[in-house]
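# Chain and residue survey
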Amino acid sequence: MNQLIKFGKNIFQIHVVSRKMSKVPKIYTKTGDKGRSATFTGERRDKDDNIFAALGDTDELSSCIGLAREYSLEDGHCLAERLETIQCVLQDVASNIATPKSSAREAHLARTIFSDQNTKDLEKWIDEYSEQLPPLKNFILPSGGKTSCTLHVARTVCRRAERSVVPLVRDNEIDAEPARYLNRLSDFLFTAARIAAHTEGREEIIYHRINPKDSTDI
């Protein structure tokens, strides 16, 4: 609102923001205090429902990729932009998961369609990186620097997210494409981890069978 104030012989008009208008909304809603939460369709389910388990795993995956992105920026890798794109796509995966077909209307489904182009992009990136890497002849352990190891962590979380989504696809609660995307994403994260190690000149630790007879107590 506007207010007139007098300073000496001059009168000024200033804009005053009222406390009521500038009130900051609270981050908490208290609507989930009884162990239930709402899907995008408005349906309320228990928080341990398969829908929310899959959403939680997808959210955790995005957080892991965000950490890997920060390390990649510190180490000067070319991965950061693509990792950010993947985080954005995972939001679309989550939107599809949060829209179970059993309670969705056509308007809901139309807003949460997940394009197969996302999976095709991953395949293109995997092929591009694979051409830059030496052939994989042995099992490797998560290794090769902070960026590489963090991408391996993200890969394992991605596998869990995929396992969470598969039952929802099987029950026809969500589309199959998000599951295909997560499957391909784990392959991308593995390849990206190798690229990070290769770019830094780091050695990837090769798996070798430990002979108990050769081991010594520490």
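See the structure shown above.
Presented here is an overview of the structure given in this document. Chains are numbered independently. Their residues run from 1 in the order of the written sequence. Local features in a predicted model are, by the rule used here, given only for residues with pLDDT of at least 70; side-chain atom pairs are given and counted only at 80 or more, and totals for whole chains, interfaces and linings are based on all residues. Processing note: side-chain calculations cover all non-hydrogen atoms of the structure and skip hydrogens and water entirely.

## Regarding the environment of Asn138
- What counts as a helix is a DSSP run of H or I of at least four residues, what counts as a strand is a run of E of at least two, and both are numbered from the N terminus. Note on placement: Asn138 falls in the loop between helix H4 (117-130) and helix H5 (146-170).
- Asn138 sits 69 residues away from Tyr207 along the chain, and the two C-alpha atoms are 7.1 Å apart.

## Structural notes on unusual backbone geometry
- Unlike most non-glycine residues, Asn172 shows phi in positive territory, near 60°.
- Tracing the backbone shows Asn172 in the loop between H5 and helix H6 (177-200).

## Description of the packing of H5 against H6
- Helix axes are fitted to C-alpha atoms over the stretch in contact, other axes to C-alpha atoms as well, and angles between N-to-C directions run from 0 to 180 degrees. Running from amino to carboxyl end, H5 crosses H6 at an angle of 175°, the nearest separation of the two axes being 8 Å. Here H5 is positioned roughly antiparallel relative to H6, judged by the angle of their axes.
- Note that Gly is not counted as nonpolar here; it falls among the polar residues with everything else outside the nonpolar set of Ala, Val, Leu, Ile, Met, Phe, Trp, Tyr, Cys and Pro and the charged set of Asp, Glu, Lys and Arg. For the contact of H5 with H6, the residue count by class is 15 nonpolar, five polar and five charged. Here is the rule for angles: anything less than 35 degrees is roughly parallel, anything more than 145 is roughly antiparallel, 65 through 115 is roughly perpendicular, and the remaining ranges are oblique.

## Here we look at the nonpolar core
- Buried residues of nine kinds, namely Ala, Val, Leu, Ile, Met, Phe, Trp, Tyr and Cys, make up a nonpolar core once their side-chain atoms join them within 4.5 Å. Partly exposed residues are those whose accessible area sits between 20% and 50% of the maximum for their type, while under 20% is buried and over 50% is exposed, using a 1.4 Å probe and protein chains only. Ranked by size, the top nonpolar core spans 41 residues in total, and within it Leu61, Ile86, Leu185, Phe188 and Leu189 carry the most contacts.
- Looking at this core, the elements with two or more residues in it are helix H1 (50-74), helix H2 (80-97), H4, H5 and H6.
- Excluding anything up to four places from it in sequence, Leu61 contacts Leu90, Ala154, Val157, Cys158, Leu182, Leu185 and Leu189. Whether two residues are in contact is decided by their heavy atoms, any of which lying within 4.5 Å being enough.

## Side note on the packing of aromatic side chains
- The pairing test for Phe, Tyr and Trp rings, Trp by its six-membered ring, is centres within 6.5 Å, and the orientation test on the planes gives stacked under 30 degrees, edge-to-face over 60, and tilted for anything in between. Summed over all chains, the structure comprises three aromatic pairs.
- Geometrically, the ring pair formed by Tyr129 and Phe188 is tilted, given 5.9 Å between the ring centres and 35° between the ring planes. Taken as a pair, Tyr129 in helix H4 and Phe188 in helix H6 lie far apart in primary sequence, 59 residues in all.
- You can call Tyr129 buried: its relative accessible area is 2%.
- Members of the aromatic cluster, each reached through a chain of ring pairs, are Trp125, Tyr129 and Phe188.

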